[in-house]
There are 2 protein chains.
Amino acid sequence: MKNLLFEFISKYISLTEDEKQILINLDIFHSFKKGAVLLEEGQKSNKGYFVLKGCIRSYYVIDGEEKTTAFYTEMEGLTPSCVLNGKCSKNTISCVEDSILTVSDPNMEAEIFQKFPKFETMCRVLSEEILVKQQLDFDAFKVSSPEQRYLNLLEKRPDLIQRVPQYQLASFLGIKPQSLSRLRTRVIEKNKNSVLS
Amino acid sequence: MKNLLFEFISKYISLTEDEKQILINLDIFHSFKKGAVLLEEGQKSNKGYFVLKGCIRSYYVIDGEEKTTAFYTEMEGLTPSCVLNGKCSKNTISCVEDSILTVSDPNMEAEIFQKFPKFETMCRVLSEEILVKQQLDFDAFKVSSPEQRYLNLLEKRPDLIQRVPQYQLASFLGIKPQSLSRLRTRVIEKNKNSVLS
DNA sequence: TTGCATATTTTATTTTTGTTAAAATGATTA
DNA sequence: TAATCATTTTAACAAAAATAAAATATGCAA
């Protein structure tokens, strides 16, 4: 598991064995069972997560209904908003599958950044990359119809459609589960026709 | 104008006069006329922008129609995706108003980061803050109806509704100009009733 | 200033999604 | 296995958005 993390880090900076050992000594690797709650609505937390294996999701409960807004899978990281703004969380973070995650907090980061400035450089670069990626995702969401969003998801993250229940995908796509069900039959119908012709 | 920038920076780090002078010497302050294009679709660029005064927007041209996805106003910054991924830009960045911006590129950043590591810390923190803020915006967008999005914009960025043509706001809200027009009359109608009762 | 061209907003018709309710299917476990 | 709970599908109807077309506003040149 550790190697997954170091392989990922190696894309940005190179670490000596000593540096790796220091990271390991921070005891950041943790396993969670499917359904485990990492952050509960109304609570505060200073923990950030990085997915080595598995899948976690963020959701809000609005008028008694779960609204899923994000999924994080292998090699994706998440810092809940409450870590930075100190407010109570409006959303819940939980594991969709059994997962292996790294867990860290600002104190640990400060310690590492002080010891290895290149680690802060990596985090800056990573953060900027993710920001750009998310901006593109947001753009695509805005300019697309629900059907286009579904087709786009099918292309870009086909695994999610397998790993995650449809009613969670629906709010992730900004629509209701019933609409997603309808939309899918429509898409399948169209494909039939285009294959025939 | 310079003071606006230094005031902003002072929220994150403190700069000596020498450090400020070095920043000024980089010649990052530039004025642009309304309509000026900062980045054109299909082009590459390594320039990032920070708005000191004015307003710039990002838009895509899809099937001959402009789809506005973002506005940046005072004290907001933008790094186009092509700066990081090196690909041709899919969107256009242009000035909605006469604007005063800082313009920078990765080389300039590298130079500053090397001279003042605290500057890189600021950029990391800023980037993480913006990332969290954008995630919250994206979440709110997903769980809201167009009408709720409009009301939310009215509350959070009322200036935009004054500064920007309605058809640009529409795609920013993920709908067509026609729908926004109808939606507004609906909202006004509701307000009438609630004022009467 | 008028008149024209373009930009922007509004108004009708069609399509899609939301809503509510219920049924069908699938998974879990007592 | 039956019983329960979770998830997906289907149906009917209301509401909202997309599409298409018209109306209005704006900027600019003669």
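What you are looking at is a predicted structure, and each value in this text was computed from that prediction instead of being measured.

Peer 1: How do you make sense of the pattern of salt bridges when you look at a structure like this?
Peer 2: Side chains that differ in charge, positive against negative, can pair when their charged atoms come close. For the structure shown, the criterion picks out 30 salt bridges over all chains. Measuring nitrogen to oxygen at the nearest pair gives 3.0 Å for the salt bridge that ties Arg-186 of chain A to Glu-147 of chain A. A residue pair is termed long-range when its members are at least 10 positions apart, and Arg-186 of chain A in helix α9 (residues 177-196) and Glu-147 of chain A in helix α6 (residues 146-156) qualify at 39 residues. For Arg-186 of chain A, a relative accessible area of 42% gives the class partly exposed. As a salt-bridge pair, Arg-163 of chain B and Asp-159 of chain B come within 3.4 Å of each other at their nearest N and O atoms. Here Arg-163 of chain B pairs with Asp-159 of chain B, and both are found in helix α7 (residues 158-163), just four residues apart, close to one helical turn. Assessed through its relative accessible area of 30%, Asp-159 of chain B is described here as partly exposed. Here the residues in one salt-bridge network are Glu-74, Glu-97, Asp-159 and Arg-163 of chain A, joined through shared partners.

Peer 1: Explain the side chain of Thr-73 of chain A here, please?
Peer 2: Relative to the helices and strands, Thr-73 of chain A resides in the loop between β5 (65-72) and β6 (77-78). In this structure, Thr-73 of chain A is in contact with Val-51, Gly-54, Cys-55, Arg-157, Asp-159, Leu-160 and Arg-163 of chain A, ignoring residues within four places of it in sequence.

Peer 1: Just to check I follow, could you spell out the packing of aromatic side chains for this structure?
Peer 2: Given two aromatic rings, one states the distance between the centres and the angle between the planes to describe the pair. Applying the stated criterion to the full structure yields 12 aromatic pairs over all chains. An angle of 80 degrees between the planes, with centres 5.5 Å apart, marks the rings of Phe-141 of chain A and Phe-138 of chain B as edge-to-face. With Phe-141 of chain A in helix α5 (residues 117-143) and Phe-138 of chain B in helix α5 (residues 117-143), the pair connects residues from two separate chains. Overall, Phe-141 of chain A belongs to the buried group, its relative accessible area being 6%. With centroids separated by 5.1 Å and ring planes inclined at 65 degrees, the aromatic side chains of Phe-71 of chain B and Phe-172 of chain B adopt a geometry described as edge-to-face. Separated by 101 residues along the polypeptide, Phe-71 of chain B in strand β5 (residues 65-72) and Phe-172 of chain B in helix α8 (residues 166-172) bring together distant segments of the chain. Taken together, the aromatic side chains of Phe-138 and Phe-141 of chain A together with Phe-138 and Phe-141 of chain B make up a single cluster linked through ring pairs. A cation sits over an aromatic face here: Arg-149 of chain A above Phe-141 of chain A, 3.8 Å from the ring centre.

Peer 1: What is the right way to look at the state of the cysteines in this model?
Peer 2: By definition, a disulfide links two cysteine residues through a covalent bond between their sulfur atoms. By the definition in use, this model includes zero disulfides over all chains. Left without a disulfide partner, Cys-95 of chain A is nearest to the cysteine sulfur of Cys-55 of chain A, which lies 8.8 Å away.

Peer 1: Which parts of the structure should I look at to understand the sheet that holds strand β4 (residues 56-62) of chain B?
Peer 2: Backbone hydrogen bonds hold the strands of a sheet together, and the pairing may be parallel or antiparallel. One open sheet holds the four strands; their spatial order is β2-β7-β4-β5 (chain B), and the pairing between them is antiparallel. Of all the strands in the sheet, just β2 (37-39) and β5 of chain B have a single pairing partner and so form its edges. When the angles between neighbouring strand axes are averaged without regard to direction, this sheet yields 30 degrees. With four bridges connecting them, β4 of chain B and strand β7 (residues 92-95) of chain B associate as antiparallel partners. Paired with Tyr-59 of chain B across the strands is Thr-92 of chain B, a residue of β7 of chain B. Of the strands in this sheet, β4 and β5 of chain B are in contact with α5 of chain A, which crosses β5 of chain B at around 140 degrees.

Peer 1: How should I be thinking about the domain arrangement of chain A in this particular structure?
Peer 2: For interface size, the figure often reported is the accessible area lost on association. Residue and element names in this part refer to chain A. When the domains of chain A are assigned, the result is domain 1 (2-143) and domain 2 (145-197). In this structure, domain 1 and domain 2 have C-alpha centres spaced 27 Å apart. Contacts between domain 1 and domain 2 engage 17 residues on the former and 16 residues on the latter. The largest share of the area that domain 1 buries against domain 2 comes from Thr-68, Phe-71 and Phe-141, three residues that together contribute 45% of it. The closest approach of N and O atoms between Glu-74 and Arg-163, which form a salt bridge, is 3.1 Å. Counting across the domain 1 and domain 2 interface gives eight residue pairs in polar contact (both at pLDDT 80 or more). Ranked by residue count, the leading element in the side of domain 1 that touches domain 2 is β5, at seven residues. Looking at the side of domain 1 that touches domain 2, its residues break down into six nonpolar, four polar and seven charged.

Peer 1: Is there a simple way to think about the relation of the copies chain A and chain B in this case?
Peer 2: There are two copies of the chain, and a rotation about an axis plus a shift along that axis relates them. Superposing chain A onto chain B requires a rotation of 180 degrees together with a translation of 0.0 Å along the rotation axis, leaving an RMSD of 0.1 Å. In symmetry terms, the pair is related by a two-fold rotation axis. By C-alpha distance to the rotation axis, the residue of chain A lying nearest is Arg-124 of chain A, at 2.2 Å.

Peer 1: Can you walk me through the protein's contact with DNA strand D in this structure?
Peer 2: Around DNA strand D, the surrounding shell holds 14 residues, and the nearest of these are Gln-166 and Tyr-167 of chain A together with Pro-146, Gln-178 and Arg-182 of chain B. Lys-176 of chain B places a side-chain nitrogen or oxygen 3.0 Å from a phosphate oxygen of DNA strand D. Gln-178 of chain B is positioned such that a nitrogen or oxygen atom in its side chain is 3.2 Å from a base nitrogen of DNA strand D. Its residues placed into classes, the surface near DNA strand D shows four nonpolar, six polar and four charged.

Peer 1: I'm lost on the packing of helix α4 (residues 106-115) of chain B against α5 of chain B in this one. Help?
Peer 2: Describing two packed helices takes the angle between their axes plus the distance from one axis to the other. All names here are of chain B. Where α4 contacts α5, the two axes come as close as 4 Å, and the packing angle between them is 120 degrees. Considering their axes alone, α4 and α5 lie oblique with respect to each other. In contact with Ile-112, Phe-113, Gln-114 and Lys-115 of α4, α5 contributes Pro-117, Phe-119, Glu-120 and Cys-123. For the contact of α4 with α5, the class distribution of residues is five nonpolar, one polar and two charged.

What counts, and at which threshold
- Residues numbered from 1 in each chain as written.
- Chains lettered and ligands numbered in written order.
- Predicted model: local features only at pLDDT ≥ 70, side-chain atom pairs only at ≥ 80, totals over all residues.
- Heavy atoms only, no water.
- Salt bridge = Lys/Arg side-chain N within 4 Å of Asp/Glu carboxyl O.
- Helix = DSSP H or I, 4+ residues; strand = E, 2+ residues; numbered from the N terminus.
- Buried < 20%, exposed > 50% of the residue type's maximum accessible area, 1.4 Å probe, protein only.
- Contact = heavy atoms within 4.5 Å.
- Phe/Tyr/Trp six-rings, centres within 6.5 Å; stacked < 30°, edge-to-face > 60°.
- Lys NZ or Arg CZ within 6 Å of the ring centre and 35° of its normal.
- Disulfide = S-S within 2.5 Å.
- Pairing = 2+ DSSP bridges.
- Axes fitted to C-alpha atoms, helices over the stretch in contact; angles between N-to-C directions.
- Domains from an automatic or database assignment.
- Buried area = accessible area lost by both parts, 1.4 Å probe.
- Polar contact = N/O pair within 3.5 Å; in protein donor to acceptor, adjacent residues only side chain to side chain.
- Nonpolar A, V, L, I, M, F, W, Y, C, P; charged D, E, K, R; others polar.
- Least-squares fit on C-alpha atoms with pLDDT ≥ 70 in both.
- Near = heavy atom within 4 Å.
- Parallel < 35°, antiparallel > 145°, perpendicular 65-115°, else oblique.

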